[in-house]
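# Notes for the structure review
Given next are the chains, with one letter for each unit.
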Amino acid sequence: MTISSPIHQDDADLTSLGYQPSLHRKLGRYASFAAGFSFVSILTTIFQLFAFGYSFAGPAFFWTWPIVLVGQLLVALNFAELAARYPLSGAVYQWARRVGGETVGWFAGWFMSLAQVVTAAAAAIALQVVLPQLWSGFQLVGGDPALNTVTGAANAVVLGAILLVATTIINALGVRLMAHVNSIGVTCEIVGVIAVVLALLTAAQRGPDVVADTTVLQGSDLGAVGAFLVSGLMAAYVMVGFNSAGELSEETKDPRRTAPRTIISALAISGIGGAAMIITALMAAPSLDDGRLATEGLPYVLTAVLGTFWGKVLLVDVAIAIFVCTLAIQTAGSRLVFSMARDGKLPASRLLSTVHPRRGTPIWPSIAIGALAVGVLAINVGNAALFTTLTSVCIVMVYIAYLMVTVPQLLNRLRGDWDRVGQTMPSGLFSLGRWGLPVNVLAVLYGAAMVVNLAWPRPEVYEPTGENGILLYSAPLLVAVVFLVGLSVRRRTMRTP
């Protein structure tokens, strides 16, 4: 009697979903978790965005973090059910397609893939915030290293482009190398987060009740509610990408059980670690009202607590986090493009769906994501404010893509189709059971509210300079443009034999 290996069983499972195995199944549970955790990358994003949140709501901005975490966990729970039922590359596209139809699936993939290109560029550009502080030699374009200056913006493009070339090469060499690099980087990031929290805790100058300080909120020109909603964008920008574990399902061992767990655990651990970093930073800050928390943010606190040497050690860890974050985003994006191309849904689908026979990786989608991200980086040279606006809009597109999954999933539940499909699934898979409907309803309501909050035309977010009023409406305008361009691309693709 011959017993099939687990990987052969996974491949047979993939065949039952309509696809022949072509990618190499090399990822275990930790590598799958690392894909989601490194995309969120709290060490990178909180390092960048702490000042933004604090500037609008003061210490009380902490409360936006658990609110967004709970909302995104509602989404992640629905995604976990889908990952168990449809363990396929290009998860957001495949999930939306299978619960909402071909058109909904295509636009979910279209919005998500473009968002990932911009997100990869935004992650890569963060090197400019870190490397010149470590060593002035990293300022290859001489002059002021600040991102909002001509020389700083130009140097950011150079460093970001070098990083994207490196991540493209790693992705092209195969998923095993990508997984090793990513797992090592995530381990360093987790150690760094723990070290930061412990260091800040030992240097605490006030208690955890600091988060009850609403002085900045009450004095805001936006009003307490308005200021709180704007400060919440910090958490909304950070806690995305946890679906990456699902994007790599066809390269994961036992994906029906592994991916749901790692989607939830990547978000939950990121949320807990991020909350700990924020509250301990508030406890350890030398001052809450000297203006530096609102302008310099977390780096200001860490420099005061750790000193120059240990501060630079942490900067090295942040640089590693930026590297693996960019790598994870590009990897997830390339699998999404591959999955759509495999179904003939994109221009140049034949090329983009090609898998290297020996390395078992889709090389051309990685090259395409990397090249497009470098192109997006170039916008920063001419107008850093426009680049910031573009990255904000891309987060709106991520939330819209998520809604294109959770809304049709809810409709499936209401029609009873979800239960009928569930009856044909193997036993023991992740399921919300009777909690599925209320969790799905809340996930949709949360997602819709966040899209409105993210896209609302606020000068503080989309037009801080006051020089170009049209940027206020950049989110709805660019989403409309992306939709119309996507409509044109889809029609041309459908006409292609």
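One can find the structure itself at the top, above this paragraph.
Residues numbered from 1 in each chain as written. Predicted model: local features only at pLDDT ≥ 70, side-chain atom pairs only at ≥ 80, totals over all residues. Heavy atoms only, no water.

## What to know about the overall build of the protein
For the protein, the helix and strand inventory stands at 24 helices and 0 strands. Judged by the C-alpha coordinates and their principal axes, the protein covers about 70 × 50 × 50 Å. Looking at the protein residue by residue over its 497 residues, the buried ones come to 57%. Restricting the contact set of the protein to residue pairs at least 6 apart, pairs at least 24 apart contribute 81%. About 19600 Å² of surface is accessible on the protein, with carbon and sulfur atoms providing 68% of the total. Averaged over its 29 positive side-chain charges, the protein has a centre that lies 14 Å from the centre of its 24 negative ones. (Helix = DSSP H or I, 4+ residues; strand = E, 2+ residues; numbered from the N terminus. Buried < 20%, exposed > 50% of the residue type's maximum accessible area, 1.4 Å probe, protein only. Contact = heavy atoms within 4.5 Å. Areas by Shrake-Rupley, 256 points an atom, 1.4 Å probe, with all protein chains shown as cover. Lys, Arg positive; Asp, Glu negative; His and termini not counted. Charge placed at Lys NZ, Arg CZ, Asp CG, Glu CD.)

## With respect to the packing of aromatic side chains
The tally for this structure, following the rule as stated, stands at 18 aromatic pairs. Measuring from ring centre to ring centre gives 5.3 Å for Phe50 and Phe61, while their planes differ by 90°; the resulting arrangement is edge-to-face. Placement of the pair is Phe50 in helix H3 (residues 42–57) and Phe61 in the loop between H3 and helix H4 (64–85), with a sequence separation of 11 residues. This pair shows no difference in class: Phe50 is buried, exactly as Phe61 is. Aromatic side chains Phe62 and Trp63 sit 5.2 Å apart centroid to centroid with 75° between the ring planes, which places their arrangement in the edge-to-face category. (Phe/Tyr/Trp six-rings, centres within 6.5 Å; stacked < 30°, edge-to-face > 60°.)

## Observations concerning the packing of helix H7 (residues 127–134) against helix H16 (residues 298–342)
Contact pair H7 / H16: the axes reach a minimum separation of 9 Å and the direction vectors enclose 145°. With respect to the hand of their crossing, H7 and H16 are arranged in left-handed fashion. Touching Leu127, Val130, Leu131, Gln133 and Leu134 of H7 are Lys312, Leu315, Val316, Val318, Ala319 and Ile322, all from H16. A breakdown of the residues in the contact of H7 with H16 according to their chemical character gives 9 nonpolar, 1 polar and 1 charged. (Axes fitted to C-alpha atoms, helices over the stretch in contact; angles between N-to-C directions. Left-handed = near helix turned anticlockwise from the far one by under 90°. Nonpolar A, V, L, I, M, F, W, Y, C, P; charged D, E, K, R; others polar.)

## What to know about the nonpolar core
Core analysis: the biggest nonpolar cluster contains 150 residues, and Phe50, Trp65 and Tyr399 have the highest contact counts within it. The next biggest cluster of nonpolar side chains, apart from the first, holds 9 residues, and it includes Leu27, Ala35, Ile170 and Leu248. (Core = buried A, V, L, I, M, F, W, Y, C linked by side-chain atoms within 4.5 Å.)

## Overview of the side chain of Ser244
On the secondary structure map, Ser244 appears in helix H13 (residues 244–247). On the accessibility criterion, Ser244 (2% relative accessible area) is buried. Reaching out from Ser244, the side chain makes a polar contact with the backbone oxygen of Gly241 at a distance of 2.8 Å. Residues contacting Ser244, with those up to four places away along its chain left out, are Ala35, Gly36, Phe39 and Ala332. (Polar contact = N/O pair within 3.5 Å; in protein donor to acceptor, adjacent residues only side chain to side chain.)

## Topic: the environment of Ile322
Mapped onto the elements, Ile322 comes out in helix H16. Those residues within four positions of Ile322 in sequence are excluded, and the remaining contacts are Thr44, Ala123, Ala126, Leu127, Val130 and Leu163.

## Focus: the environment of His356
For His356, the position within the fold is in the loop between helix H17 (349–352) and helix H18 (363–377). On the basis of relative accessible area, His356 is assigned to the partly exposed category, the value being 24%. His356 sits 336 residues away from Gln20 along the chain, and the two C-alpha atoms are 15 Å apart. Setting aside anything within four residues of it in sequence, one finds His356 in contact with Thr361 and Ile363. A polar atom in the side chain of His356 sits 3.1 Å from the backbone nitrogen of Arg358.

## Some details on the pattern of salt bridges
With the rule as written, the count across this model stands at 11 salt bridges. Here Glu102 makes a salt bridge to Lys345, at a shortest N to O gap of 3.3 Å. Highlighted residues: Glu102 in helix H6 (residues 102–125) and Lys345 in the loop between H16 and H17, separated in sequence by 243 residues. We note a salt bridge from Asp417 to Arg415, for which the minimum N-O separation is 2.9 Å. Overall, the relative accessible area of 21% leaves Asp417 in the partly exposed class. (Salt bridge = Lys/Arg side-chain N within 4 Å of Asp/Glu carboxyl O.)

## Things to note about a nonpolar patch on the surface
Taken together, Val407, Leu411, Leu414, Leu437, Val441, Leu442 and Leu445 make up a surface patch of nonpolar side chains, about 590 Å² in accessible area. Those elements that provide at least two residues to the nonpolar patch are helix H20 (384–415) and helix H22 (436–455). Top contributing element to the nonpolar patch by residue count: H22, with 4 residues. By the secondary structure assignment, Leu411 is in helix H20. Given the relative accessible area of 42%, Leu411 is considered partly exposed. (Patch = residues over 30% accessible without salt bridge, like charges linked within 9 Å, V, L, I, M, F, W, Y side chains within 5 Å.)

## What about helix H5 (residues 91–100)?
One full turn of an α-helix is made of 3.6 residues, so residues set three or four places apart face in the same direction. Within H5, 8 of the 10 residues are buried, which leaves the element mostly enclosed by the surrounding structure. Of all the residues in H5, the buried ones are Ala91, Val92, Tyr93, Gln94, Trp95, Ala96, Arg97 and Val99. With its phi angle positive at about 100°, Gly101 sits one or two positions after the end of H5.

## Some thoughts on helix H11 (residues 223–231)
Every buried residue belonging to H11 is among Ala227, Val230 and Ser231, and all of these are buried. When H11 is viewed along its axis, its buried side chains cluster within an angular range of 100° and face the same direction. Structurally, H11 contributes buried residues whose contacts are with H3, H4, helix H10 (215–218), helix H12 (233–238) and helix H23 (459–462). (Arc of directions from axis to C-beta.)

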